[in-house]
Amino acid sequence: MGLNFFANTNSKREDAKLLEKYSLDKQHQKGKLHAIERIRLLLDAGSFCEIGSSISSKKMGDACEEKLPYDGVITGYGTILGHMVYVYSQDFTVNGGTLGLKHGRKIKNIIEHAITQRCPVIGINDSGGARIQEGVNALAGYGEVFLENTRASGYIPQITIIAGPCAGGAVYSPGITDFIFVIDKISKMFVTGPDVVASVTGQKCTAEELGGANIHACKTGVAHFYSKDEYECFQSVRNLVNLLSSTLEVNNSIPQYVEKIAHIDNIVPKEQRKTYDIRKVIYEIFDSNSFLEVQKEFAPNLVVGFAKLSGIVVGIVANQPAYLGGILDTDSSNKGARFIRYCDAYDIPLITLVDVPGFMPGTAQEYAGIIRHGAKLLYAYSEATTIKITTILRKAYGGAYIAMCSKHLNADFVYAWKNAEVAVMGGEGAVQILYKKEIASLNGEEKIQYINNKTKEYETNFINVQMALEEGYVDEIIEPSQMRKRFFRDILALSNKKKYNYQIAKKHGCIPL
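Residues numbered from 1 in each chain as written. Predicted model: local features only at pLDDT ≥ 70, side-chain atom pairs only at ≥ 80, totals over all residues. Heavy atoms only, no water.

Draft legend 1. Spotlight on the packing of helix α12 (residues 330–345) against helix α14 (residues 370–383). Between α12 and α14, the shortest axis-to-axis distance is 8 Å and the interhelical angle comes to 20 degrees. Classified by the angle their axes make, α12 and α14 are roughly parallel. Classified by chirality, the crossing of α14 by α12 is left-handed. Along its contact with α12, which presents Thr 330, Ser 333, Asn 334, Gly 336, Ala 337, Ile 340, Arg 341 and Asp 344, the element α14 presents Ile 370, His 373, Gly 374, Lys 376, Leu 377, Tyr 379, Ala 380, Tyr 381 and Glu 383. (Axes fitted to C-alpha atoms, helices over the stretch in contact; angles between N-to-C directions. Helix = DSSP H or I, 4+ residues; strand = E, 2+ residues; numbered from the N terminus. Parallel < 35°, antiparallel > 145°, perpendicular 65-115°, else oblique. Left-handed = near helix turned anticlockwise from the far one by under 90°. Contact = heavy atoms within 4.5 Å.)

Pasting the structure below:
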């Protein structure tokens, strides 16, 4: 990564001040930007205002008791494309960026300000962990930050950038926040480091193998966005903030529909077993270049992300036939549930595109807890009171049909393409259950012919959308080319949708976590 040593500064005079005040070279030697450079790269030029710059602690254990400037974390506020944000950035060059009580309270203070102003808060983590010399006070600092993260959850967007090590208790603040950004070969995130793992379990691994950016983006699902370098990361954060800030700001103007010719018909194959990339459908329906995918590398059988529809921000949840046929499993259920709950918290309309063969069968998924994880997806959709619009593109089978925002989970409108299939299960599987005894009594060609005939009979009678239409579970058949305009009109028609708990007066439900 080619480092710009004075990212987003305004003058040579200001650059000289940075050199005097901060240990920039220490970070540059590690191939990383300094905490102040990161802030300046993230925010609009000249917009950063620091808060608490004089707060410091004594560096314990030193004979001279040297003071730690700004207690190792730079805090303040500024703007991103004109939108107000609060930010904190840990400085690894000051005592390893370790967190003590004052350090933690500076972060807590920034989150409190963000809550008061109802604007996003962004944390840039680069820390060696707790300041051990402070003992329980360091733990108190973490605890107060965790509490503030929890208070802010669902009220303001919380974004964390892992721009260095983040270990031990420090990982739980990002874990509570809404979106985590990781950077290739820079981010390291784990509860216990490689040395502890080796001493306790005998397993040897590097920090990268244990908790590197690729691990959390692809395997654990802890990260939501993956970047090649710091510059790409901060630009991605700016894009996200610009999109999400509009969901916090009051806009009384009535959106105007913008026509866009959608070429969807040739993207989706008529043959149920043929795959395609659902992203191509998304690109055609929503505003050009507006789709921002979340957790792209994790559980790719479900695609989630934000897009704009004639300028209206929407959340998209879509099965991905290009990976595992779009089947639902434990990871995709978790991914979908969390995204749905975020959208619902900020009344972002949810558009669900369905092409799902069911839930993943097998012992591996059963042992991994597919029942409780799949239940999270059902719960999240059922609980959501935001606008919910669903379209079945090709198929929706079994419990997955229900789980993907069906009418039974209180979807506002459910549409289907004319050849869509809604059924308890596919024809081959159904015939094996319905005619088990008959099939067992046959052999050879006679058995094959019998199964084929019964499968065709079942598919003709039961695998279609007609019964769902007649029962009102599907509202209308829709042409692919009409989806964009219909979604837009639906959102306007539902814009005054009443939010109420029509069930039972209670403190809260108990989602199966």
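Draft legend 2. Layout of the environment of Tyr 450. Looking at the secondary structure, you find Tyr 450 in helix α18 (residues 444–462). Judged by relative accessible area, Tyr 450 falls into the partly exposed class, the value being 21%. Between the alpha carbons of Tyr 450 and Ile 439 there is a distance of 7.6 Å; along the sequence they are 11 residues apart. Aside from chain neighbours lying at most four places away, what touches Tyr 450 is Tyr 435, Glu 438, Ile 439 and Leu 442. (Buried < 20%, exposed > 50% of the residue type's maximum accessible area, 1.4 Å probe, protein only.)

Draft legend 3. Fine view of the packing of aromatic side chains. According to the stated counting rule, one finds 15 aromatic pairs in the structure shown. Both rings, one in Phe 179 and one in Tyr 342, keep their centres 5.0 Å apart while their planes meet at 65 degrees; by these two values the pair is edge-to-face. You can see Phe 179 sitting in strand β9 (residues 179–183) and its partner Tyr 342 sitting in helix α12, a full 163 residues away along the chain. An identical accessibility class is assigned to Phe 179 and Tyr 342; each is buried. Ring geometry for Phe 306 and Tyr 342: centres 6.0 Å apart, planes at 75 degrees, overall edge-to-face. Here Tyr 342 lies in helix α12 and Phe 306 lies in strand β13 (residues 302–309), a separation of 36 residues in the sequence. Of the two residues, Phe 306 and Tyr 342, both sit in the buried class. Here the aromatic cluster, defined as three or more aromatic residues joined through ring pairs, consists of Phe 179, Phe 181, Phe 225, Phe 306, Phe 339, Tyr 342 and Tyr 346. The side chain of Arg 118 reaches across the aromatic face of Tyr 155, ending 4.5 Å from its centre. (Phe/Tyr/Trp six-rings, centres within 6.5 Å; stacked < 30°, edge-to-face > 60°. Lys NZ or Arg CZ within 6 Å of the ring centre and 35° of its normal.)

Draft legend 4. Examining the sheet that holds strand β5 (residues 83–90) more closely. Taken in spatial order, the seven strands of this open sheet run β1-β4-β5-β6-β7-β9-β11, and their pairing is mixed. Every interior strand has two partners, whereas the edge strands, β1 (49–50) and β11 (225–227), have only one. Both strand β4 (residues 73–80) and β5 contribute to a ladder of eight bridges, which runs antiparallel. Its bridge partner lying in β5, Tyr 77 is registered against Tyr 86. Those strands touched by helix α4 (residues 101–117) are β4, β5, β6 (121–125) and β7 (158–162), and its axis lies near 170 degrees from that of β5. (Pairing = 2+ DSSP bridges.)

Draft legend 5. Molecular detail of the side chain of Asp 344. Here Asp 344 lies in helix α12. For the buried Asp 344, no salt bridge is present, and the opposite-charge side chain at shortest range is Arg 341, 7.0 Å distant. If we skip the residues at most four places from it in the chain, Asp 344 touches Glu 383, Ala 384, Thr 385 and Thr 386. (Lys, Arg positive; Asp, Glu negative; His and termini not counted. Salt bridge = Lys/Arg side-chain N within 4 Å of Asp/Glu carboxyl O.)

Draft legend 6. Highlighting the packing of α4 against helix α5 (residues 136–152). In the contact formed by α4 and α5, the axes pass within 8 Å of each other and the chain directions differ by 10 degrees. Comparing their axes, α5 and α4 come out roughly parallel. Contact residues: Leu 101, Gly 104, Arg 105, Ile 107, Lys 108, Ile 111, Glu 112 and Ile 115 in α4; Asn 137, Ala 138, Ala 140, Gly 141, Glu 144, Val 145, Glu 148, Asn 149, Arg 151 and Ala 152 in α5. Its residues assigned to classes, the contact of α4 with α5 comprises eight nonpolar, four polar and six charged. (Nonpolar A, V, L, I, M, F, W, Y, C, P; charged D, E, K, R; others polar.)

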